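Per-entry structural report
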Amino acid sequence: MTDRRIAFIGLGTMGLPMALNLVRGGFQVQGHDLNPEALAQLAGQGGQACADIAQACRQAGLIITMLPREEHVRAVLLGADGVLEHAAPGALVVEMSTISVAGSQDMATQLARAGIDMMDVPVGRTPADARAGTLLALAGGTAQQLERARPALDCMADRVLHLGPQGNGVRMKIINNFMSMVGMVMTAETLALAEASGIDPLLAAEVLQNTTAGRGQINVNYPRKVLSGDVSPDFPIHLGLKDISLGVQLGRELGVPLFVGQASQALFQSAQNLGLAKADCTAMLLAVQQLAGRIPLIPLPKETP
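Description of the structure in this document. (Residues numbered from 1 in each chain as written. Predicted model: local features only at pLDDT ≥ 70, side-chain atom pairs only at ≥ 80, totals over all residues. Heavy atoms only, no water.)

1. Digging into the packing of aromatic side chains
By convention here, two paired aromatic rings are described through the distance between centres and the angle between planes. Selection criterion: Ring pairs shown here join Phe, Tyr and Trp side chains whose ring centres sit within 6.5 Å, with only the six-membered ring taken for Trp; geometry is labelled stacked below 30 degrees between planes, edge-to-face above 60, and tilted in between. Only Lys NZ and Arg CZ are tested; either one counts as a charge over a ring when it is within 6 Å of the ring centre and within 35 degrees of the ring normal.
Across all of its chains, the model carries 0 aromatic pairs by this definition. The positively charged end of Arg4 is found above the aromatic ring belonging to Phe27, 3.8 Å away from the centroid.

Put into structure tokens, the structure is as follows:
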């Protein structure tokens, strides 16, 4: 068994180019997939096409899975004729799919009973990055597991972040995707509001590409303000509440349903009720943490005469 020999299970849109980058990096890649065309492409570029998981796992020190859904991962890792049955004790499973935290941890526990380690390393970015080897790898596992897997990960990603113990990689991927999908709805509401107002959505997009709103608070304000411990008001929550209320009202007048906008208005109101009216808008993080019971409530300021 050697870590230079990799079983790669799941040669889809992301998995195949990742496997090919491992081949280019000098690894012996034993790939398995249900799609014969993907297997042929792997074999045509120097990998080995394997008819089953048993063949893919033979003498492989690293076993990489990149599959569409949790049920596929479970079947491959724990099912009949799967990794649990055929991997050598001491092998390391690098599970790179986007699945639930509970599922990832359960599978890791069951594999560990057979002497097989597992870390979760879902990836960020696009199929183009998978082809270029410039993915963002989000690793959950021990430092020793990451050190062992890093040469392979470096062939597929230009940045590998160690997020902590097993499960934290997929936690971060879920958090990232949550933000992405909420942002998708927010963007849709914003452009629909512009169009209903008689503004060309392409022109609206050009405006937003040149403002903090469009460039993203996570890039502009949050690291500089609340995440650095500073909530002195560049733009206070009470003015944010005024602005979001004006936007929601405009949506009502134009018949545009603003679901994210209305929820955001309610949260701004809650933050003001918690005594954060004069804090910077990034202190919305503190409001959410307070409502979640993560930090103590901030006392309401005393009224000045």
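Further notes follow.
2. Regarding a nonpolar patch on the surface
Defined as follows: Patches here: salt-bridge-free residues with over 30% relative accessible area, like charges joined within 9 Å, nonpolar side chains (Val, Leu, Ile, Met, Phe, Trp, Tyr) joined within 5 Å. Here the open area of atoms and residues is found with the Shrake-Rupley method and a 1.4 Å probe, where only the protein chains shown may cover a residue. For salt bridges, the criterion is a side-chain nitrogen of Lys or Arg within 4 Å of an Asp or Glu carboxyl oxygen. A run of H or I in DSSP counts as a helix once it spans at least four residues, and a run of E counts as a strand once it spans at least two, with each numbered from the N terminus. Whether a residue is buried, partly exposed or exposed follows from its accessible area with a 1.4 Å probe, protein chains only, as a fraction of its type maximum: under 20%, in between, or over 50%, in that order.
Side chains of Phe178, Met179, Val182 and Ile218 sit close together on the surface and give an oily, nonpolar patch of about 400 Å² of accessible area. The greatest single-element share of the nonpolar patch, amounting to 3 residues, is contributed by helix α9 (residues 168-196). Note that Ile218 resides in helix α12 (residues 217-220). On the basis of relative accessible area, Ile218 is assigned to the partly exposed category, the value being 44%.

3. With respect to the packing of helix α1 (residues 15-24) against helix α8 (residues 143-156)
This is how it is decided: All axes here are fitted lines through C-alpha atoms, helices being fitted over the stretch that makes contact, and every angle between N-to-C directions spans 0 to 180 degrees. Just so you know how the angles are binned, under 35 degrees is roughly parallel, over 145 roughly antiparallel, 65 to 115 roughly perpendicular, and the rest oblique. Working rule for handedness: look at the near helix, and if it is turned counterclockwise from the far one by less than a right angle, call the crossing left-handed; if clockwise, right-handed. We call two residues in contact when some of their heavy atoms are within 4.5 Å. Residues were grouped as follows: Ala, Val, Leu, Ile, Met, Phe, Trp, Tyr, Cys and Pro as nonpolar; Asp, Glu, Lys and Arg as charged; and all remaining residues, including Gly, as polar.
Axis separation between α1 and α8 bottoms out at 8 Å; the angle between their running directions is 115°. When the axes of α1 and α8 are compared, the pair comes out roughly perpendicular. Crossing handedness for the pair α1 and α8: right-handed. Of the residues in α8, those touching α1 at Met18, Asn21 and Leu22 are Ala152, Cys155 and Met156. Its residues assigned to classes, the contact of α1 with α8 comprises 5 nonpolar, 1 polar and no charged.

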